[in-house]
Amino acid sequence: MRTVHEVSGLTGVSIRTLQYYDRIGLLRPAGYTESGYRLYDDAALERLQQILLFRELEFPLRDIKVILESPDFDRERALEQQITLLTLKKEHLENLIDLACGIKAIGVDTMDFTAFDTKKIDEYAAQAKASWGNTAAYREFEEKTRSRTPEEEKSLSVQMMALFAQFGRISGEAPDSEEAQELVKKLQDFITENFYTCTDEILSGLGKMYAGGGDFTKSIDAAGGEGTADFANAAIQARFGKG
């Protein structure tokens with residue numbers, strides 16, 4: 001675990017910016033010191049890397065938050081697209097450098113402005129963003145979260161973690177028990193009401209994501225105790241006869 005000061009020194013992101021990311025729900029700390037200072041684990045730093053990559057590509061913070069929290073977000077595919085976009089930006093900068101060096105060496109030879117053309121970058125960025133948002137769930141999520149305040153987002157996050165705390169309290173029961181299945185239905189209804197229509201297929205995928213390690217697993221286990229994420233996933237899969 002790293003303190004907010006250590007993360008700022010490691011990443012070059014100011015403490016004020018990290019605090020702002022927390023307030024808007026973009027990057028939550030993994031915990032707090034006894035004095036109330038933010039602490040970040042490796043999962044939080046991985047998410048920060050994703051945020052910074054999107055920022056390098058000039059994505060607005062709100063779009064980044066929607067993309068990262070979309071049920072369809074594929075980290076590996078996003079990285080591939082980010083690499084392509086960054087490579088295009090690199091080529092664009094190299095063309096500008098070559099143009100500037102040429103002007104310095106021999107002056108303006110022809111009125112060539114092709115080095116300034118960003119059409120290729122813009123088109124690929126638009127295609128990539130469309131692919132991240134080209135689902136009904138993504139569009140519904142974006143619509144429902146667009147007008148929320150940071151305080152409202154934080155309240156929903158607290159309510160979500162309270163649900164997982166309930167999973168933790170009954171984790172000694174069978175995943176297919178009546179109480180566990182009632183919680184699964186409650187979780188599905190909560191997601192549908194506040195984020196996007198949580199179909200059985202999406203819920204099953206979310207369960208696997210909850211237990212898949214990283215930020216989600218750690219947050220859920222922090223709310224309900226170690227093993228809560230695995231139990232919640234088992235209860236979800238039991239609903240569909242999986243597991």
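Right, let's walk through the structure included here. Note that this is a predicted model, so its numbers are computed, not measured.

Definitions and cut-offs
The residue numbers shown here count from 1 along each chain, following its written sequence. Where local features are concerned, this predicted model is filtered to residues with pLDDT of at least 70; where side-chain atom pairs are given and counted, the filter is 80 or more; whole-chain, interface and lining totals use all residues. Computation of side-chain values covers all heavy atoms of the structure but excludes hydrogens and water. Numbering of helices and strands runs from the N terminus, with a helix taken as a DSSP run of H or I at least four residues long and a strand as a DSSP run of E at least two residues long. The rule is simple: take the accessible area with a 1.4 Å probe, protein chains only, and divide by the maximum for that residue type; under 20% is buried, over 50% is exposed, in between is partly exposed. In what follows, residue pairs with any heavy atoms lying within 4.5 Å of each other are defined as contacts. Here, Shrake-Rupley sampling with a 1.4 Å probe gives the accessible areas, and only protein chains in the shown set may cover a residue. Residues grouped as a nonpolar core are buried Ala, Val, Leu, Ile, Met, Phe, Trp, Tyr and Cys residues, joined through side-chain atoms within 4.5 Å. Here an angle of 0 to 180 degrees is reported between the N-to-C directions of two axes, which are lines fitted to C-alpha atoms, with helices fitted over the stretch in contact. Comment on the angle field: the value is read as roughly parallel under 35 degrees, roughly antiparallel over 145, roughly perpendicular from 65 to 115, and oblique elsewhere. Crossings are classed by handedness, with left-handed meaning an anticlockwise turn of the near helix from the far one by less than a right angle and right-handed meaning a clockwise turn. All residues other than Ala, Val, Leu, Ile, Met, Phe, Trp, Tyr, Cys, Pro, Asp, Glu, Lys and Arg, Gly among them, are scored as polar; the first ten of these are nonpolar and the last four charged. Nonpolar side chains (Val, Leu, Ile, Met, Phe, Trp, Tyr) within 5 Å and like charges within 9 Å form the patches, drawn only from residues with over 30% relative accessible area and no salt bridge. A pair is scored as a salt bridge if a Lys or Arg side-chain nitrogen falls within 4 Å of a carboxyl oxygen belonging to Asp or Glu. Only four residue types enter the charge count, namely Lys and Arg as positive and Asp and Glu as negative; His and the chain termini do not. Positions of charges follow a simple convention, taking NZ of Lys, CZ of Arg, CG of Asp or CD of Glu. Strand pairing is defined by DSSP finding a minimum of two bridges between the two strands. Here the arc refers to the set of directions running from the helix axis out to each C-beta atom.

Side note on the overall build of the protein chain
Stage number 1. Along the protein chain, the regular secondary structure elements total twelve helices and three strands.
Stage number 2. Counting across all 243 residues of the protein chain, residues that qualify as buried make up 37%.
Stage number 3. Considering only contacts within the protein chain whose residues lie at least 6 apart along the sequence, 63% involve residues at least 24 apart.
Stage number 4. Of the roughly 13900 Å² that the protein chain leaves accessible, carbon and sulfur atoms contribute 52%.

Let's talk about the nonpolar core
Stage number 1. One finds Phe 164, Phe 167, Leu 187, Ile 191 and Tyr 210 to be the most contacted residues of the largest nonpolar core, which totals 27 residues.
Stage number 2. Examining the composition of this core, we find that six residues originate from one element, helix H9 (residues 178–194), more than from any other.
Stage number 3. Excluding its chain neighbours within four sequence positions, the residues that come into contact with Phe 164 are Leu 187, Tyr 210, Ile 220, Gly 224, Thr 228 and Ala 232.
Stage number 4. Counting 22 residues, the second-largest nonpolar core is a separate cluster that includes Val 13, Ile 51, Leu 61 and Ala 78.

Remarks on the packing of helix H10 (residues 200–210) against helix H12 (residues 228–239)
Stage number 1. In contact at an axis separation of 8 Å, H10 and H12 are set at 155° when each is read in the N-to-C sense. When the axes of H10 and H12 are compared, the pair comes out roughly antiparallel. For H10 against H12, the interelement crossing comes out left-handed. Here Asp 200, Leu 203, Ser 204, Gly 207, Lys 208 and Tyr 210 of H10 come into contact with H12, specifically with Ala 229, Asn 233, Ile 236, Gln 237 and Arg 239.
Stage number 2. Class assignment of the residues belonging to the contact of H10 with H12 gives a composition of four nonpolar, four polar and three charged.

Regarding a negative patch on the surface
Stage number 1. A cluster of like negative charges, contributed by Glu 173, Glu 178, Glu 179 and Glu 182, occupies part of the molecular surface.
Stage number 2. Residue position: Glu 179 is located in helix H9.
Stage number 3. A relative accessible area of 39% means that Glu 179 is categorised as partly exposed.

Brief notes about the sheet that holds strand E1 (residues 2–3)
Stage number 1. Ordered by their spatial adjacency, three strands build an open sheet running E1-E3-E2, and the pairing between neighbours is antiparallel. Two strands in the sheet have a free side with no partner beyond their single neighbour: E1 and strand E2 (31–32).

As for the pattern of salt bridges
Stage number 1. Under the defined criterion, the tally for this structure stands at seven salt bridges.
Stage number 2. In this structure, the salt-bridge partner of Lys 185 is Asp 189, at a minimum N-O distance of 2.8 Å. Note that Lys 185 and Asp 189 are positioned in helix H9 at a spacing of four residues, about one turn of the helix.
Stage number 3. Overlapping salt bridges bring together Asp 22, Arg 28 and Arg 38 as one network.

Quick word on the packing of H9 against H12
Stage number 1. The interhelical angle for the contact between H9 and H12, taken along N-to-C directions, is 90°, at an axis separation of 9 Å. Our classification of the angle between H9 and H12 gives roughly perpendicular. Residues Ala 180, Gln 181, Val 184, Lys 185, Leu 187 and Gln 188 of H9 form the contact with H12, whose own contacting residues are Phe 231, Ala 235, Ile 236, Ala 238 and Arg 239.
Stage number 2. Its residues assigned to classes, the contact of H9 with H12 shows seven nonpolar, two polar and two charged.

A word on helix H2 (residues 15–23)
Stage number 1. Taken residue by residue, H2 has Leu 18, Tyr 21 and Asp 22 as its buried positions. Buried positions in H2, seen along its axis, are confined to an arc of 100° and lie on one side of it.
Stage number 2. Where H2 is buried, its residues meet helix H1 (4–11), E2, strand E3 (38–40), helix H3 (42–56) and helix H4 (61–69).
Stage number 3. Phi for Gly 25, located one or two positions after H2, is positive at around 80°.

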